[in-house]
Amino acid sequence: QVQLVESGGGLVQPGGSLRLSCAPSGGNFSVDAMGWYRQAPGKQRKLVAGIASGGTTYYEDSVKGRFTISRDKDKNTVYLQMNGLKPEDTAVYYCNAPYGPNRPAWGQGTQVTVSS
């Protein structure tokens, strides 16, 4: 079965940048419509950035102008470029298809910590 493997997180100062990657492993899953989600401590997991099959992007208001979602179908990888990071961006970040009957299970996520 497909496993979603997120990477690229880490500890960064406010105002810093990170680039997250999401690469499906095993199974038979090709990236198309995909989303990045985050879950802060004590909070529900929520969608912060998405890309539709046709390429249209969506961003939560709190990350607009700072985050950019992209995908490379040749590499079967989805990215999240995160600039101007703020402490409130601290969370575990996950990728997944936003919908569909064959949506994979959630991966382990990658921890992003923004702290001075």
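If you're wondering where the values come from, they're calculated on a predicted model, not measured in any experiment. (Residues numbered from 1 in each chain as written. Predicted model: local features only at pLDDT ≥ 70, side-chain atom pairs only at ≥ 80, totals over all residues. Heavy atoms only, no water.)

Relative to the helices and strands, Asp 89 resides in the loop between strand 8 (77-82) and strand 9 (91-96). By relative accessible area, Asp 89 is classed as buried at 0%. In this structure the side chain of Asp 89 is engaged in a polar contact, spanning 2.9 Å, whose partner is the side chain of Arg 38. Excluding residues that lie within four positions of it along the chain, Asp 89 makes contacts with Arg 38, Val 63, Arg 66, Phe 67, Gly 84, Val 112 and Val 114. (Helix = DSSP H or I, 4+ residues; strand = E, 2+ residues; numbered from the N terminus. Buried < 20%, exposed > 50% of the residue type's maximum accessible area, 1.4 Å probe, protein only. Polar contact = N/O pair within 3.5 Å; in protein donor to acceptor, adjacent residues only side chain to side chain. Contact = heavy atoms within 4.5 Å.)

Moving on to the sheet that holds strand 1 (residues 3-7). Spatial ordering of the open sheet is given by 1-3-8-7, a layout of 4 strands whose pairing is antiparallel. The open sheet has two free edges, formed respectively by strand 1 and strand 7 (67-72), since each of these has just one partner strand. With strand direction ignored, the average angle separating the axes of adjacent strands in the sheet is 20°. Bridging between strand 3 (residues 18-25) and strand 8 involves 5 bridges; their strand directions are antiparallel. The residue bridging Arg 19 from the neighbouring strand is Gln 81, located in strand 8. (Pairing = 2+ DSSP bridges. Axes fitted to C-alpha atoms, helices over the stretch in contact; angles between N-to-C directions.)

Spatial relationships are all this shows, so hold off on functional conclusions.
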